[in-house]
Amino acid sequence: MTGPGGAAGPGGTAGQGTTAQQGGTGQVGWTNAPLPPRSVVCVGAGTMGAGMALAFALGGSAATMVARRQATLDTAWRRIEQSVGLMTAAGRLRDADTDAVLGRITATTDLDDAELTADLVIEMVAEDVAAKRELYRVIEPLLGPGTILATCTSSLPLAELAAGLARPGQFIGYHWFNPPELVDLVEIVPAKQTAATVTDLVMAFTLAIGKQPVRVAADVPGFIANRLQYALIREAYSLVETGVCTPAEVDLVVTTGLGPRWTVIGPFLSVDLAGLDVHQAVVQQLFPRLSTAADVPPLLAALRADGALGVKGGHGVLGSYDDDQTRAIAERRARVLLGLDSLRGLA
Ligand SMILES: NC(=O)c1ccc[n+]([C@@H]2O[C@H](COP(=O)([O-])OP(=O)(O)OC[C@H]3O[C@@H](n4cnc5c(N)ncnc54)[C@H](O)[C@@H]3O)[C@@H](O)[C@H]2O)c1
């Protein structure tokens, strides 16, 4: 295993405290105040993997990233170091703590080297049922008796993912948001077979590392946040396609209007503040007129037919991006999220 920049890492050094009662029976549970997991393995070190490893390391856990290629891990380390730099500059992380946080993260391209007997193993590979299930087939026999296996899937039915598992009681949906080290919300989604103690323990781990868990009561595709987000995005495509506004204007409306308000007042508090009589009148006017399209929007289909991939391919809905622009966008987002976090204490 290697640490940042290829230096030897602590290789599974325990984080803070003891978290779970874990015995040979496969039973898990917790009795004391929430503590972070001692050890976490993030399988897949792409967009989500690096940030989630950092989030757990910030919370006190030993976190291991696993990727198939060293180049993926090199990129993950760069992202982690960039994020740690921004956090230090924003006063979120003291200079003196940086080495300890980075020292809790290790990385490997070898699953056998990854100590899969950790408290928590989180799968965050491609959004594809077959790929995820094939990975579970390989790793499940290597997990410890009390290890919880979590998936970061955004949209796949958990029942389908859990179908081939020997211990489905210890499998759970664990949906984070990008950038994981900076967004508080984590959706925790028990599948039908998930043991209640597992759900409780994952809730506790998540609170203990300073995140905001929300337990999703049913395994519905998209859970809560992505259903809300995609309802808005569907309407955005419709507005653009009917010539009401441009994609840039959609983003301007959201970043200067809806977004800032929604950081302090959610949609339902908004309607309570607006007045339910006014709200009902608007519902009657607008609901029949909103998009209910079920197909891929023509604008998106055309971009995809052109090979557009968004920033990772240099071209997206809003036009072209070079590496400097992409880095600047990520930094701006991180700075604002860090600023919001300190402001939220005032709200
Ligand atoms: N990107 C987001 O904003 C976001 C947000 C929430 C949840 N998710 C979910 O997280 C998961 C990962 O998404 P991502 O955006 O990080 O994807 P990504 O493509 O950036 O990274 C996935 C990584 O996993 C690697 N991988 C694939 N199979 C592997 C295997 N068998 N073993 C080890 N590594 C393997 C890939 O090479 C890649 O590096 C998906 O299920 C996605 O839906 C993504």
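Since the structure is predicted, the reported quantities are computational estimates derived from the model, not experimental observations. (Residues numbered from 1 in each chain as written. Predicted model: local features only at pLDDT ≥ 70, side-chain atom pairs only at ≥ 80, totals over all residues. Heavy atoms only, no water.)

Participant: Quick rundown of the overall build of the protein chain? Include the residues and the values.
Facilitator: Of the regular secondary structure elements, the protein chain holds 12 helices and 10 strands. With 347 residues in all, the protein chain has 39% of them scored as buried. Taking as baseline every contact in the protein chain between residues at least 6 positions apart, the subset at least 24 positions apart corresponds to 68%. In the form shown here, the protein chain has an accessible surface area of approximately 18000 Å², with 58% of it arising from carbon and sulfur atoms. (Helix = DSSP H or I, 4+ residues; strand = E, 2+ residues; numbered from the N terminus. Buried < 20%, exposed > 50% of the residue type's maximum accessible area, 1.4 Å probe, protein only. Contact = heavy atoms within 4.5 Å. Areas by Shrake-Rupley, 256 points an atom, 1.4 Å probe, with all protein chains shown as cover.)

Participant: Break down the sheet that holds strand β3 (residues 105-108) for me, with residues and values.
Facilitator: Read across the sheet, eight strands follow the order β3-β2-β1-β4-β5-β6-β7-β8 without closing on themselves; strand pairing throughout is mixed. Two strands close off the open sheet at either side, each with one partner strand: β3 and β8 (212-215). With direction set aside, neighbouring strand axes in the sheet form an average angle of 25°. Pairing between strand β4 (residues 120-123) and strand β5 (residues 148-151): four bridges, direction parallel. Across the sheet, Glu123 pairs through a bridge with Thr151, a residue of β5. Against the sheet, helix α6 (residues 196-208) engages β4, β5, β6 (171-175), β7 (185-190) and β8, with an angle of about 170° to β7. (Pairing = 2+ DSSP bridges. Axes fitted to C-alpha atoms, helices over the stretch in contact; angles between N-to-C directions.)

Participant: Provide a residue-level description of the site of the ligand, including the pertinent values.
Facilitator: Every one of the 17 residues lining the ligand counts as a neighbour, but Thr47, Met48, Glu127, Lys132 and Ser154 are closest to it. Here an oxygen atom of the ligand and a backbone polar atom of Val125 are 3.3 Å apart. A distance of 2.8 Å is found between an oxygen atom of the ligand and a side-chain nitrogen or oxygen belonging to Ser154. Starting from 830 Å² of accessible surface for the ligand in isolation, the protein chains cover 75%. Class assignment of the residues belonging to the shell around the ligand gives a composition of six nonpolar, eight polar and three charged. (Near = heavy atom within 4 Å. Polar contact = N/O pair within 3.5 Å; in protein donor to acceptor, adjacent residues only side chain to side chain. Nonpolar A, V, L, I, M, F, W, Y, C, P; charged D, E, K, R; others polar.)

Participant: Residues and numbers for the packing of helix α2 (residues 70-89) against helix α12 (residues 323-344), please.
Facilitator: Between two packed helices, both the angle of their axes relative to each other and the distance between the axes serve to describe the pair. The contact between α2 and α12 brings their axes to 10 Å, and the two run at 40°. Viewed along their axes, α2 and α12 adopt a mutual orientation that is oblique. Considering how the two elements wind past one another, α2 and α12 form a crossing that is right-handed. Only Arg327, Glu331, Ala334, Arg335 and Leu338 of α12 make contact with α2, whose side of the interface consists of Gln82, Leu86 and Met87. Considering only residue class, the contact of α2 with α12 consists of four nonpolar, one polar and three charged. (Parallel < 35°, antiparallel > 145°, perpendicular 65-115°, else oblique. Left-handed = near helix turned anticlockwise from the far one by under 90°.)

Participant: I'd like a rundown of the pairing of β7, residues and numbers included.
Facilitator: Buried residues dominate β7, accounting for five of its six residues. Two strands pair when backbone bridges link them, and β6 and β7 are joined in this way by four bridges, in the antiparallel orientation. Each bridged residue has a counterpart across the sheet, and for His175 the counterpart in β7 is Glu187. Pairing geometry for β7 and β8, over four bridges, is parallel. Paired with Val186 across the two strands is Pro213, which belongs to β8. A crossover connection joins β7 to the parallel β8 through α6; in handedness this β-α-β unit is right-handed. (Right-handed = clockwise from strand over helix to strand, strands pointing away.)

Participant: Quick rundown of the packing of aromatic side chains? Include the residues and the values.
Facilitator: Under the criterion given, the structure shown has three aromatic pairs. Between Phe56 and Trp176, the ring centres sit 5.5 Å apart and the planes meet at 40°, which makes this aromatic pair tilted. A residue pair is termed long-range when its members are at least 10 positions apart, and Phe56 in helix α1 (residues 47-59) and Trp176 in the loop between β6 and β7 qualify at 120 residues. Given the relative accessible area of 0%, Phe56 is considered buried. Following the ring pairs from residue to residue traces out a cluster consisting of Phe56, Tyr174 and Trp176. (Phe/Tyr/Trp six-rings, centres within 6.5 Å; stacked < 30°, edge-to-face > 60°.)

Participant: Run through the pattern of salt bridges, naming residues and quoting values.
Facilitator: Under the criterion given, the structure shown has seven salt bridges. A salt bridge links Glu134 to Arg137, with the shortest nitrogen-to-oxygen separation between them at 2.9 Å. With Glu134 and Arg137 both in helix α4 (residues 129-139), this residue pair falls three residues apart, about one helical turn. The class of Glu134 is partly exposed, set by a relative accessible area of 39%. Classification of Arg137 by relative accessible area gives exposed; the value is 55%. In the salt-bridge network here, residues are joined through shared partners; they are Glu123, Glu127 and Lys132. (Salt bridge = Lys/Arg side-chain N within 4 Å of Asp/Glu carboxyl O.)

Participant: Tell me about the pairing of β3, residues and numbers included.
Facilitator: Strand residues, when the strand is regular, have side chains that alternate between the two faces of the sheet. Burial of the side chains of β3 extends over both faces: Ile105 and Ala107 are buried on one face and Thr106 and Thr108 on the other. Pairing geometry for strand β2 (residues 62-66) and β3, over four bridges, is parallel. Among the inter-strand pairings, Thr64 is bridged to a residue of β3, identified as Thr106.

Participant: Go over the nonpolar core with me, naming the residues and quoting the values.
Facilitator: Grouped together as the largest cluster of nonpolar side chains are 45 residues, with contacts concentrated most on Phe56, Met65, Ile80, Leu120, Ile122, Tyr174 and Trp176. The element that contributes the greatest number of residues to this core is α1, accounting for eight residues. Contact partners of Leu120, with chain neighbours within four places excluded, come to Pro37, Ser39, Val40, Val41, Phe56, Thr147, Ile148, Ala150, Tyr174 and Phe205. Counting 23 residues, the second largest nonpolar core, distinct from the first, contains Val121, Leu143, Leu156 and Leu161. (Core = buried A, V, L, I, M, F, W, Y, C linked by side-chain atoms within 4.5 Å.)

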